Amino acid sequence: MVSLLDIIGPVMVGPSSSHTAGACRLGLLARGLVNGTPQKATLELHGSFARTGEGHGTDKALVAGLLGFRPDDERIRTSLQIAEQEGLDYRFEKTTLSDSSHPNTVRMTLERGDIHASLVGSSLGAGRVLVTEIDGYPVDVTGNFHTIALVAEDKKGSIARITSILADHDINIATLKLTRKQKGGDAFMVIECDDSPGEGVRDEIRSLDWVRWARRLDKVSGA
Amino acid sequence: MYRALGDAIRDAEGQGKSLWQVALERESEDQGRSIDDIRASLGRALEVMRSAIGDGMTGELRSSSGLVGGDAAKLFNDAAGPLADTPFRDILARALAVQEVNAAMGVIVAAPTAGGAGTLPAVLTGLAKARSIPDEKVIDALATAGLVGAVIAERASLSGAEGGCQAETGAGAAMAAAAATEMLGGTPSQAGHAVALTMQGMLGLVCDPLGGLVELPCVFRNATGSAIALAGIEMALAGIKFAIPADEVIDVMGEIGREMDVRYRETAGGGLAATPTGRRLAKERLYQIRRS
(Lines give C-alpha, C1' and ligand atoms only; values in the text may rest on other atoms or scores of the structure.)
Protein backbone atom coordinates (compact mmCIF):
# COMPACT_ATOMS: atom_id res chain seq x y z
CA MET A 1 0.00 0.00 0.00
CA VAL A 2 1.47 3.31 -1.08
CA SER A 3 1.52 6.06 1.54
CA LEU A 4 1.41 9.79 0.83
CA LEU A 5 4.51 10.17 2.96
CA ASP A 6 6.41 7.62 0.82
CA ILE A 7 5.71 9.90 -2.15
CA ILE A 8 6.41 13.23 -0.37
CA GLY A 9 9.58 11.80 1.14
CA PRO A 10 11.89 10.56 2.42
CA VAL A 11 13.88 13.58 3.55
CA MET A 12 17.34 12.49 2.49
CA VAL A 13 20.87 13.40 1.59
CA GLY A 14 21.17 13.32 -2.23
CA PRO A 15 21.78 12.47 -4.93
CA SER A 16 19.82 9.26 -5.45
CA SER A 17 16.92 7.70 -3.53
CA SER A 18 18.00 4.24 -4.67
CA HIS A 19 21.80 4.60 -4.62
CA THR A 20 22.08 6.83 -1.52
CA ALA A 21 18.98 6.68 0.76
CA GLY A 22 18.28 3.01 0.00
CA ALA A 23 21.94 2.11 0.49
CA CYS A 24 21.95 3.87 3.87
CA ARG A 25 18.88 1.89 4.97
CA LEU A 26 20.53 -1.38 3.97
CA GLY A 27 23.54 -0.40 6.09
CA LEU A 28 21.24 0.35 9.03
CA LEU A 29 19.54 -3.04 8.71
CA ALA A 30 22.91 -4.80 8.63
CA ARG A 31 24.09 -2.82 11.69
CA GLY A 32 21.10 -4.13 13.61
CA LEU A 33 22.26 -7.71 13.05
CA VAL A 34 25.44 -7.10 15.08
CA ASN A 35 23.76 -4.74 17.60
CA GLY A 36 26.01 -1.78 16.87
CA THR A 37 28.84 -0.46 14.73
CA PRO A 38 30.78 -3.42 13.34
CA GLN A 39 34.56 -3.56 13.70
CA LYS A 40 34.96 -5.24 10.33
CA ALA A 41 32.78 -5.03 7.24
CA THR A 42 33.20 -6.44 3.75
CA LEU A 43 30.80 -4.87 1.26
CA GLU A 44 30.40 -6.60 -2.09
CA LEU A 45 28.66 -4.43 -4.67
CA HIS A 46 26.71 -5.92 -7.56
CA GLY A 47 25.36 -4.41 -10.80
CA SER A 48 24.60 -0.69 -10.84
CA PHE A 49 25.81 -0.37 -7.22
CA ALA A 50 29.25 -1.46 -8.47
CA ARG A 51 29.14 0.59 -11.70
CA THR A 52 27.82 3.99 -10.59
CA GLY A 53 28.04 3.68 -6.81
CA GLU A 54 30.98 6.03 -6.31
CA GLY A 55 29.33 8.94 -8.14
CA HIS A 56 26.15 8.45 -6.12
CA GLY A 57 27.90 8.15 -2.77
CA THR A 58 26.66 4.55 -2.39
CA ASP A 59 29.88 3.66 -0.57
CA LYS A 60 29.47 6.58 1.86
CA ALA A 61 25.78 5.81 2.39
CA LEU A 62 26.31 2.10 3.13
CA VAL A 63 29.07 2.88 5.64
CA ALA A 64 26.91 5.67 7.14
CA GLY A 65 24.15 3.12 7.73
CA LEU A 66 26.63 0.79 9.44
CA LEU A 67 27.58 3.73 11.69
CA GLY A 68 23.91 4.22 12.58
CA PHE A 69 23.28 7.38 10.53
CA ARG A 70 19.84 7.75 8.95
CA PRO A 71 19.28 8.79 5.29
CA ASP A 72 18.78 12.48 6.20
CA ASP A 73 22.00 12.73 8.25
CA GLU A 74 24.49 15.10 6.61
CA ARG A 75 27.36 13.14 8.16
CA ILE A 76 26.80 10.70 5.24
CA ARG A 77 29.08 12.97 3.21
CA THR A 78 32.05 12.31 5.51
CA SER A 79 31.13 8.84 6.73
CA LEU A 80 34.27 7.18 5.35
CA GLN A 81 36.48 9.41 7.52
CA ILE A 82 34.16 8.96 10.53
CA ALA A 83 34.39 5.17 10.08
CA GLU A 84 38.14 5.36 10.54
CA GLN A 85 37.74 7.36 13.75
CA GLU A 86 35.12 4.90 15.03
CA GLY A 87 37.30 1.88 14.34
CA LEU A 88 35.16 0.46 11.55
CA ASP A 89 37.49 -1.38 9.19
CA TYR A 90 35.55 -1.57 5.90
CA ARG A 91 36.48 -3.02 2.54
CA PHE A 92 34.58 -2.66 -0.77
CA GLU A 93 34.69 -5.28 -3.48
CA LYS A 94 32.93 -5.56 -6.82
CA THR A 95 31.10 -8.79 -7.40
CA THR A 96 28.63 -10.45 -9.73
CA LEU A 97 25.77 -12.15 -7.92
CA SER A 98 23.21 -14.33 -9.71
CA ASP A 99 21.47 -13.05 -12.87
CA SER A 100 18.20 -12.83 -10.98
CA SER A 101 19.69 -10.35 -8.48
CA HIS A 102 18.29 -6.82 -8.58
CA PRO A 103 20.74 -4.38 -10.26
CA ASN A 104 21.25 -2.48 -6.98
CA THR A 105 22.38 -5.25 -4.66
CA VAL A 106 25.00 -5.49 -1.90
CA ARG A 107 26.27 -8.37 0.22
CA MET A 108 27.62 -7.28 3.61
CA THR A 109 29.65 -9.52 5.90
CA LEU A 110 30.12 -8.06 9.37
CA GLU A 111 32.00 -8.76 12.58
CA ARG A 112 31.55 -7.12 15.97
CA GLY A 113 33.30 -8.83 18.86
CA ASP A 114 32.30 -12.47 18.53
CA ILE A 115 29.08 -11.64 16.63
CA HIS A 116 29.20 -12.46 12.91
CA ALA A 117 26.45 -11.75 10.38
CA SER A 118 25.87 -11.49 6.66
CA LEU A 119 23.10 -9.83 4.69
CA VAL A 120 22.18 -9.57 1.01
CA GLY A 121 19.87 -6.67 0.19
CA SER A 122 18.67 -4.62 -2.75
CA SER A 123 17.60 -1.02 -3.17
CA LEU A 124 14.39 -1.05 -5.21
CA GLY A 125 13.99 2.67 -5.93
CA ALA A 126 12.46 5.65 -4.10
CA GLY A 127 14.40 4.60 -1.00
CA ARG A 128 12.59 1.26 -0.67
CA VAL A 129 14.78 -1.74 0.18
CA LEU A 130 14.43 -5.51 0.35
CA VAL A 131 16.68 -7.86 2.30
CA THR A 132 16.68 -11.22 0.52
CA GLU A 133 19.19 -13.20 2.55
CA ILE A 134 20.52 -13.18 6.14
CA ASP A 135 23.30 -15.53 7.26
CA GLY A 136 22.69 -17.52 4.07
CA TYR A 137 18.97 -18.03 4.80
CA PRO A 138 16.43 -16.66 2.30
CA VAL A 139 14.22 -13.94 3.81
CA ASP A 140 11.93 -11.16 2.64
CA VAL A 141 12.44 -8.10 4.86
CA THR A 142 11.42 -4.57 3.79
CA GLY A 143 12.56 -2.62 6.85
CA ASN A 144 9.14 -0.93 7.02
CA PHE A 145 8.39 -2.79 10.26
CA HIS A 146 10.29 -4.22 13.19
CA THR A 147 10.94 -7.73 11.95
CA ILE A 148 11.77 -11.17 13.29
CA ALA A 149 13.07 -13.71 10.78
CA LEU A 150 13.49 -17.32 11.80
CA VAL A 151 14.00 -20.82 10.50
CA ALA A 152 12.32 -23.66 12.36
CA GLU A 153 11.58 -27.33 11.93
CA ASP A 154 8.22 -27.79 10.22
CA LYS A 155 6.13 -28.88 13.18
CA LYS A 156 2.59 -28.45 14.44
CA GLY A 157 1.88 -25.56 16.77
CA SER A 158 5.08 -23.67 15.99
CA ILE A 159 3.25 -20.52 14.88
CA ALA A 160 1.04 -20.56 17.96
CA ARG A 161 4.09 -20.88 20.23
CA ILE A 162 5.92 -17.98 18.61
CA THR A 163 2.92 -15.68 18.39
CA SER A 164 2.20 -16.32 22.07
CA ILE A 165 5.76 -15.27 22.98
CA LEU A 166 5.15 -12.02 21.07
CA ALA A 167 1.76 -11.55 22.78
CA ASP A 168 3.38 -12.11 26.20
CA HIS A 169 5.72 -9.22 25.42
CA ASP A 170 2.80 -7.04 24.26
CA ILE A 171 3.99 -6.98 20.66
CA ASN A 172 1.36 -6.65 17.94
CA ILE A 173 1.93 -8.55 14.68
CA ALA A 174 1.39 -6.56 11.47
CA THR A 175 2.08 -9.35 8.97
CA LEU A 176 3.27 -12.94 9.15
CA LYS A 177 4.68 -14.89 6.23
CA LEU A 178 5.41 -18.59 6.37
CA THR A 179 7.01 -20.61 3.61
CA ARG A 180 8.59 -24.04 3.36
CA LYS A 181 10.33 -25.91 0.61
CA GLN A 182 8.71 -29.26 1.33
CA LYS A 183 6.56 -30.99 3.93
CA GLY A 184 8.65 -31.72 7.00
CA GLY A 185 11.48 -29.50 5.71
CA ASP A 186 12.65 -26.21 7.19
CA ALA A 187 9.93 -23.59 7.69
CA PHE A 188 10.89 -19.97 7.05
CA MET A 189 8.99 -17.33 9.00
CA VAL A 190 9.11 -13.56 8.63
CA ILE A 191 7.07 -11.65 11.22
CA GLU A 192 6.57 -7.89 10.87
CA CYS A 193 5.62 -6.22 14.15
CA ASP A 194 4.18 -2.82 15.10
CA ASP A 195 6.36 -2.72 18.23
CA SER A 196 10.07 -3.41 18.51
CA PRO A 197 10.83 -6.88 19.89
CA GLY A 198 13.82 -6.64 22.21
CA GLU A 199 16.73 -9.03 22.32
CA GLY A 200 14.93 -10.86 25.14
CA VAL A 201 12.17 -11.84 22.70
CA ARG A 202 14.70 -13.02 20.15
CA ASP A 203 16.57 -15.04 22.79
CA GLU A 204 13.32 -16.62 24.00
CA ILE A 205 12.52 -17.67 20.42
CA ARG A 206 16.06 -18.94 19.94
CA SER A 207 15.81 -21.03 23.10
CA LEU A 208 13.06 -23.19 21.53
CA ASP A 209 14.87 -26.40 20.56
CA TRP A 210 13.06 -26.63 17.17
CA VAL A 211 14.15 -23.11 16.13
CA ARG A 212 17.37 -23.37 14.13
CA TRP A 213 18.04 -19.70 13.67
CA ALA A 214 16.41 -16.36 14.52
CA ARG A 215 17.23 -12.72 13.95
CA ARG A 216 15.56 -9.40 14.75
CA LEU A 217 15.84 -6.22 12.66
CA ASP A 218 14.57 -2.81 13.71
CA LYS A 219 12.60 -0.87 11.14
CA VAL A 220 14.51 1.68 9.05
CA SER A 221 11.69 3.31 7.06
CA GLY A 222 7.99 4.02 7.12
CA ALA A 223 5.97 6.19 9.43
CA MET B 1 -4.44 5.36 -1.09
CA TYR B 2 -6.58 5.72 -4.22
CA ARG B 3 -5.53 3.68 -7.27
CA ALA B 4 -7.39 5.92 -9.70
CA LEU B 5 -7.42 9.69 -9.75
CA GLY B 6 -10.91 9.44 -11.27
CA ASP B 7 -12.20 7.80 -8.07
CA ALA B 8 -10.64 10.51 -5.90
CA ILE B 9 -12.15 13.26 -8.08
CA ARG B 10 -15.58 11.59 -7.97
CA ASP B 11 -15.43 11.22 -4.14
CA ALA B 12 -14.22 14.78 -3.66
CA GLU B 13 -16.81 16.38 -5.93
CA GLY B 14 -19.60 14.13 -4.59
CA GLN B 15 -18.86 15.31 -1.06
CA GLY B 16 -18.08 18.92 -1.91
CA LYS B 17 -14.45 18.48 -0.86
CA SER B 18 -11.01 19.09 -2.33
CA LEU B 19 -8.62 16.38 -3.49
CA TRP B 20 -6.30 17.16 -0.58
CA GLN B 21 -9.14 16.48 1.86
CA VAL B 22 -10.05 13.06 0.47
CA ALA B 23 -6.34 12.22 0.16
CA LEU B 24 -5.66 13.06 3.83
CA GLU B 25 -8.78 11.14 4.95
CA ARG B 26 -7.76 8.05 2.97
CA GLU B 27 -4.15 8.24 4.22
CA SER B 28 -5.39 8.54 7.81
CA GLU B 29 -7.55 5.41 7.35
CA ASP B 30 -4.80 3.44 5.56
CA GLN B 31 -1.99 4.22 7.98
CA GLY B 32 -3.88 4.62 11.27
CA ARG B 33 -2.43 8.11 11.79
CA SER B 34 -4.31 11.29 12.59
CA ILE B 35 -4.70 13.92 9.87
CA ASP B 36 -2.89 16.43 12.11
CA ASP B 37 0.05 14.04 12.39
CA ILE B 38 0.20 13.53 8.59
CA ARG B 39 0.00 17.30 8.03
CA ALA B 40 2.84 17.79 10.52
CA SER B 41 5.03 15.42 8.46
CA LEU B 42 4.11 17.28 5.27
CA GLY B 43 4.95 20.54 7.06
CA ARG B 44 8.43 19.24 7.89
CA ALA B 45 8.84 18.24 4.23
CA LEU B 46 7.92 21.81 3.21
CA GLU B 47 10.58 23.21 5.58
CA VAL B 48 13.25 20.97 4.04
CA MET B 49 12.11 21.96 0.53
CA ARG B 50 12.45 25.67 1.36
CA SER B 51 15.82 25.19 2.99
CA ALA B 52 17.14 23.28 -0.05
CA ILE B 53 15.97 26.10 -2.34
CA GLY B 54 17.78 28.62 -0.13
CA ASP B 55 21.00 26.59 -0.14
CA GLY B 56 20.89 26.14 -3.91
CA MET B 57 20.33 29.86 -4.59
CA THR B 58 23.65 30.76 -2.95
CA GLY B 59 25.36 29.44 -6.09
CA GLU B 60 28.21 27.94 -4.09
CA LEU B 61 27.46 24.22 -4.37
CA ARG B 62 29.09 21.86 -6.85
CA SER B 63 28.39 18.17 -7.46
CA SER B 64 31.09 15.62 -6.68
CA SER B 65 31.92 15.34 -10.39
CA GLY B 66 31.86 19.12 -10.84
CA LEU B 67 29.45 18.71 -13.77
CA VAL B 68 26.63 20.75 -12.22
CA GLY B 69 26.18 23.60 -9.74
CA GLY B 70 25.90 27.38 -9.62
CA ASP B 71 23.30 27.72 -12.38
CA ALA B 72 20.30 28.40 -10.13
CA ALA B 73 22.04 31.55 -8.90
CA LYS B 74 22.70 32.66 -12.50
CA LEU B 75 19.03 32.39 -13.37
CA PHE B 76 18.03 34.04 -10.10
CA ASN B 77 20.39 37.00 -10.41
CA ASP B 78 20.57 37.71 -14.14
CA ALA B 79 17.45 39.40 -15.49
CA ALA B 80 18.31 39.31 -19.19
CA GLY B 81 15.61 36.95 -20.46
CA PRO B 82 11.96 37.51 -21.46
CA LEU B 83 10.71 36.01 -18.18
CA ALA B 84 12.54 38.51 -15.95
CA ASP B 85 10.53 39.48 -12.87
CA THR B 86 7.90 36.81 -13.46
CA PRO B 87 7.08 33.93 -11.09
CA PHE B 88 7.91 31.66 -14.05
CA ARG B 89 11.59 32.59 -13.94
CA ASP B 90 11.73 32.32 -10.16
CA ILE B 91 10.22 28.81 -10.39
CA LEU B 92 12.81 27.69 -12.95
CA ALA B 93 15.60 28.92 -10.64
CA ARG B 94 14.05 27.13 -7.65
CA ALA B 95 13.90 23.83 -9.56
CA LEU B 96 17.59 24.12 -10.49
CA ALA B 97 18.43 25.03 -6.88
CA VAL B 98 16.90 21.89 -5.37
CA GLN B 99 18.58 19.63 -7.91
CA GLU B 100 21.96 21.31 -7.44
CA VAL B 101 21.66 20.69 -3.69
CA ASN B 102 20.74 17.08 -4.40
CA ALA B 103 23.72 16.57 -6.71
CA ALA B 104 26.02 18.04 -4.04
CA MET B 105 24.79 15.48 -1.46
CA GLY B 106 22.70 18.08 0.37
CA VAL B 107 19.39 17.34 2.12
CA ILE B 108 16.25 17.29 -0.07
CA VAL B 109 12.79 15.72 -0.02
CA ALA B 110 12.56 12.90 -2.55
CA ALA B 111 9.18 13.86 -4.02
CA PRO B 112 8.59 11.67 -5.86
CA THR B 113 12.28 10.68 -6.13
CA ALA B 114 15.61 12.44 -5.58
CA GLY B 115 16.19 12.84 -9.33
CA GLY B 116 12.76 14.41 -9.79
CA ALA B 117 12.76 16.37 -6.54
CA GLY B 118 13.01 19.89 -8.01
CA THR B 119 9.71 20.47 -9.79
CA LEU B 120 7.16 20.09 -6.98
CA PRO B 121 8.84 22.42 -4.44
CA ALA B 122 9.73 24.92 -7.17
CA VAL B 123 6.19 25.22 -8.52
CA LEU B 124 4.43 25.24 -5.13
CA THR B 125 6.74 27.56 -3.21
CA GLY B 126 7.25 29.83 -6.22
CA LEU B 127 3.50 30.27 -6.78
CA ALA B 128 2.85 30.57 -3.02
CA LYS B 129 5.33 33.44 -2.87
CA ALA B 130 3.93 35.17 -5.95
CA ARG B 131 0.36 34.96 -4.66
CA SER B 132 1.09 35.30 -0.90
CA ILE B 133 -0.45 31.88 -0.17
CA PRO B 134 -0.08 30.77 3.49
CA ASP B 135 1.87 27.63 4.40
CA GLU B 136 -1.27 25.76 5.52
CA LYS B 137 -2.54 25.86 1.94
CA VAL B 138 0.83 24.74 0.57
CA ILE B 139 0.71 21.78 2.97
CA ASP B 140 -2.79 20.94 1.65
CA ALA B 141 -1.35 21.08 -1.85
CA LEU B 142 1.41 18.63 -0.88
CA ALA B 143 -1.31 16.13 0.05
CA THR B 144 -2.85 16.49 -3.43
CA ALA B 145 0.62 15.99 -4.92
CA GLY B 146 1.11 12.86 -2.81
CA LEU B 147 -2.23 11.48 -4.03
CA VAL B 148 -1.22 11.94 -7.68
CA GLY B 149 2.21 10.39 -7.03
CA ALA B 150 0.62 7.40 -5.29
CA VAL B 151 -1.72 6.83 -8.24
CA ILE B 152 1.25 7.00 -10.64
CA ALA B 153 3.21 4.55 -8.44
CA GLU B 154 0.27 2.11 -8.55
CA ARG B 155 -0.63 2.42 -12.23
CA ALA B 156 2.77 3.10 -13.85
CA SER B 157 6.09 3.71 -12.09
CA LEU B 158 8.12 6.36 -10.29
CA SER B 159 11.48 4.92 -11.27
CA GLY B 160 13.71 6.11 -14.11
CA ALA B 161 15.21 2.63 -14.25
CA GLU B 162 11.74 1.21 -14.93
CA GLY B 163 10.03 3.94 -16.92
CA GLY B 164 12.51 6.61 -18.01
CA CYS B 165 12.51 10.26 -16.97
CA GLN B 166 8.76 10.56 -17.72
CA ALA B 167 8.31 8.42 -14.57
CA GLU B 168 10.44 10.74 -12.40
CA THR B 169 10.34 14.37 -13.56
CA GLY B 170 7.16 13.60 -15.52
CA ALA B 171 5.51 12.35 -12.35
CA GLY B 172 6.93 15.30 -10.37
CA ALA B 173 5.48 17.73 -12.92
CA ALA B 174 2.07 16.01 -12.90
CA MET B 175 2.03 16.08 -9.08
CA ALA B 176 2.95 19.78 -9.07
CA ALA B 177 0.30 20.55 -11.68
CA ALA B 178 -2.59 19.02 -9.71
CA ALA B 179 -1.38 20.47 -6.42
CA ALA B 180 -0.93 24.01 -7.74
CA THR B 181 -4.20 23.97 -9.68
CA GLU B 182 -6.11 23.27 -6.46
CA MET B 183 -3.94 25.68 -4.47
CA LEU B 184 -4.91 28.46 -6.90
CA GLY B 185 -8.61 27.72 -6.58
CA GLY B 186 -9.17 25.05 -9.23
CA THR B 187 -11.70 22.25 -8.77
CA PRO B 188 -10.75 18.56 -8.38
CA SER B 189 -11.75 18.02 -12.05
CA GLN B 190 -9.52 20.87 -13.14
CA ALA B 191 -6.67 19.34 -11.11
CA GLY B 192 -7.27 16.08 -13.01
CA HIS B 193 -7.07 17.91 -16.35
CA ALA B 194 -3.87 19.62 -15.16
CA VAL B 195 -2.34 16.16 -14.59
CA ALA B 196 -3.37 14.98 -18.07
CA LEU B 197 -2.30 18.21 -19.80
CA THR B 198 1.10 18.07 -18.07
CA MET B 199 1.79 14.37 -18.42
CA GLN B 200 0.89 14.36 -22.13
CA GLY B 201 3.80 16.77 -22.60
CA MET B 202 6.25 14.53 -20.72
CA LEU B 203 5.37 11.21 -22.42
CA GLY B 204 8.30 9.32 -23.86
CA LEU B 205 10.97 11.29 -22.03
CA VAL B 206 14.04 9.08 -21.57
CA CYS B 207 16.36 8.78 -18.56
CA ASP B 208 19.87 9.30 -19.94
CA PRO B 209 22.15 10.77 -17.26
CA LEU B 210 25.86 11.13 -17.99
CA GLY B 211 27.79 8.38 -16.26
CA GLY B 212 24.56 7.25 -14.60
CA LEU B 213 24.88 10.17 -12.16
CA VAL B 214 21.85 12.19 -11.03
CA GLU B 215 23.37 15.38 -12.43
CA LEU B 216 23.14 16.07 -16.15
CA PRO B 217 20.56 16.46 -17.65
CA CYS B 218 18.55 15.77 -14.45
CA VAL B 219 19.12 19.24 -12.98
CA PHE B 220 17.82 20.92 -16.15
CA ARG B 221 15.00 18.43 -16.72
CA ASN B 222 13.52 19.56 -13.41
CA ALA B 223 13.44 23.14 -14.69
CA THR B 224 11.90 22.21 -18.06
CA GLY B 225 9.50 19.86 -16.26
CA SER B 226 8.39 22.82 -14.14
CA ALA B 227 7.76 24.81 -17.32
CA ILE B 228 5.51 22.06 -18.67
CA ALA B 229 3.70 21.84 -15.33
CA LEU B 230 3.06 25.61 -15.46
CA ALA B 231 1.63 25.20 -18.96
CA GLY B 232 -0.65 22.45 -17.66
CA ILE B 233 -1.77 24.57 -14.68
CA GLU B 234 -2.45 27.62 -16.85
CA MET B 235 -4.54 25.64 -19.34
CA ALA B 236 -6.49 23.73 -16.67
CA LEU B 237 -7.33 26.88 -14.71
CA ALA B 238 -8.61 28.45 -17.93
CA GLY B 239 -11.13 25.62 -18.07
CA ILE B 240 -9.40 23.68 -20.83
CA LYS B 241 -10.23 19.99 -20.73
CA PHE B 242 -8.00 17.20 -22.02
CA ALA B 243 -10.15 14.56 -23.71
CA ILE B 244 -8.15 11.56 -22.39
CA PRO B 245 -8.67 11.17 -18.61
CA ALA B 246 -5.60 11.52 -16.35
CA ASP B 247 -5.66 7.83 -15.34
CA GLU B 248 -5.45 6.74 -18.98
CA VAL B 249 -2.61 9.17 -19.68
CA ILE B 250 -0.79 7.74 -16.62
CA ASP B 251 -1.44 4.19 -17.89
CA VAL B 252 0.09 5.05 -21.24
CA MET B 253 3.14 6.53 -19.50
CA GLY B 254 3.58 3.16 -17.78
CA GLU B 255 3.16 1.31 -21.08
CA ILE B 256 5.73 3.50 -22.86
CA GLY B 257 8.11 2.96 -19.93
CA ARG B 258 7.82 -0.81 -20.13
CA GLU B 259 8.45 -0.73 -23.90
CA MET B 260 11.40 1.67 -23.57
CA ASP B 261 14.77 0.21 -24.50
CA VAL B 262 17.00 -0.43 -21.49
CA ARG B 263 19.53 2.07 -22.91
CA TYR B 264 17.05 4.84 -22.07
CA ARG B 265 16.31 3.71 -18.54
CA GLU B 266 19.05 5.15 -16.29
CA THR B 267 21.78 2.87 -17.60
CA ALA B 268 23.83 5.61 -19.33
CA GLY B 269 23.75 3.37 -22.44
CA GLY B 270 21.86 5.78 -24.70
CA GLY B 271 20.58 9.31 -25.18
CA LEU B 272 22.70 12.24 -23.96
CA ALA B 273 24.87 9.88 -21.90
CA ALA B 274 26.00 8.07 -25.05
CA THR B 275 26.88 11.15 -27.12
CA PRO B 276 30.61 11.61 -27.80
CA THR B 277 30.76 14.54 -25.36
CA GLY B 278 28.60 12.77 -22.83
CA ARG B 279 30.90 9.75 -22.81
CA ARG B 280 34.04 11.88 -22.59
CA LEU B 281 32.75 14.00 -19.71
CA ALA B 282 31.54 10.96 -17.78
CA LYS B 283 34.93 9.29 -18.14
CA GLU B 284 36.89 12.38 -17.07
CA ARG B 285 34.57 13.24 -14.20
CA LEU B 286 34.29 9.74 -12.80
CA TYR B 287 38.07 9.66 -12.73
CA GLN B 288 37.96 12.89 -10.76
CA ILE B 289 35.55 11.37 -8.20
CA ARG B 290 37.89 8.44 -7.65
CA ARG B 291 40.80 10.78 -6.95
CA SER B 292 38.87 13.04 -4.56
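Scroll up to find the structure this text is about.
Residues numbered from 1 in each chain as written. Chains lettered and ligands numbered in written order. Predicted model: local features only at pLDDT ≥ 70, side-chain atom pairs only at ≥ 80, totals over all residues.

*Asks:* Tell me about the interface of chain B and chain A, and name the residues and values.
*Replies:* By a widely used convention, the size of an interface equals the accessible area lost when the partners come together. Taken together, the contact pairs 46 residues of chain B with 32 residues of chain A. If one sorts the elements of the side of chain B that touches chain A by residue count, helix α7 (residues 135–155) of chain B sits on top with nine residues. Where strand β1 (residues 11–13) of chain A lies against strand β1 (residues 107–109) of chain B, three bridges are found, and the strand directions are antiparallel. Along β1 of chain B, the bridge assignment pairs Val 11 of chain A with Val 109 of chain B. (Contact = placed C-beta atoms within 7 Å. Helix = DSSP H or I, 4+ residues; strand = E, 2+ residues; numbered from the N terminus. Pairing = 2+ DSSP bridges.)

*Asks:* Before we move on, can you summarise the pairing of strand β2 (residues 40–47) of chain A with the specific residues and values?
*Replies:* Put simply, side chains in a regular strand alternate between the two faces of the sheet. All names here are of chain A. With seven bridges joining them, β2 and strand β3 (residues 89–95) adopt parallel strand pairing. Residue pairing for β3: Leu 45 is matched across the bridge by Lys 94. Judged from the eight bridges that link them, β2 and strand β4 (residues 104–112) form a sheet pairing that is antiparallel. Across the sheet, Lys 40 pairs through a bridge with Glu 111, a residue of β4.

*Asks:* Hey, could you go over the packing of helix α2 (residues 19–31) of chain B against α7 of chain B for me, with residue numbers and the actual values?
*Replies:* Residue and element names in this part refer to chain B. Contact geometry of α2 with α7 gives a least axis separation of 8 Å together with a crossing angle of 70°. Classified by the angle between their axes, α2 and α7 sit roughly perpendicular to one another. When α2 is examined against α7, the residues Leu 19, Trp 20, Ala 23 and Leu 24 are found in contact with a partner set consisting of Asp 140, Ala 141, Ala 143, Thr 144, Gly 146 and Leu 147. (Axes fitted to C-alpha atoms, helices over the stretch in contact; angles between N-to-C directions. Parallel < 35°, antiparallel > 145°, perpendicular 65-115°, else oblique.)

*Asks:* Talk me through the nonpolar core; I want residue IDs and the actual numbers.
*Replies:* Counting residues in each nonpolar core, the largest one holds 168 residues, and the members touching the most others are Leu 124, Leu 142, Leu 147, Ala 176, Ala 178 and Val 195 of chain B. It is α7 of chain B that provides the largest number of residues to this core, a total of 12 residues. Mapped onto the domain boundaries, this core takes at least three residues apiece from domain 1 (4–135) and domain 2 (146–217) of chain A. (Core = buried A, V, L, I, M, F, W, Y, C linked by C-beta atoms within 7 Å. Buried ≥ 20, exposed ≤ 12 C-beta atoms within 10 Å, placed from the backbone. Domains from an automatic or database assignment.)

*Asks:* A description of the sheet that holds strand β5 (residues 115–125) of chain A should follow, citing residues and the corresponding values.
*Replies:* Residues and elements named next belong to chain A. Read from one edge to the other, the open sheet built from six strands follows the order β3-β2-β4-β5-β6-β7, with strand pairing classed as mixed. Unpaired on one side and paired on the other, β3 and β7 (137–141) mark the two borders of the sheet. Strand-to-strand, the axes of this sheet are offset by a mean angle of 20°, without reference to chain direction. With three bridges connecting them, strand β6 (residues 128–134) and β7 associate as antiparallel partners. Residue pairing in the sheet places Glu 133 in a bridge with Pro 138 of β7. Helix α3 (residues 48–56) rests against β2, β3 and β4 of the sheet, and its axis sits at about 110° to β2.

Read these as geometric descriptors, not functional statements.
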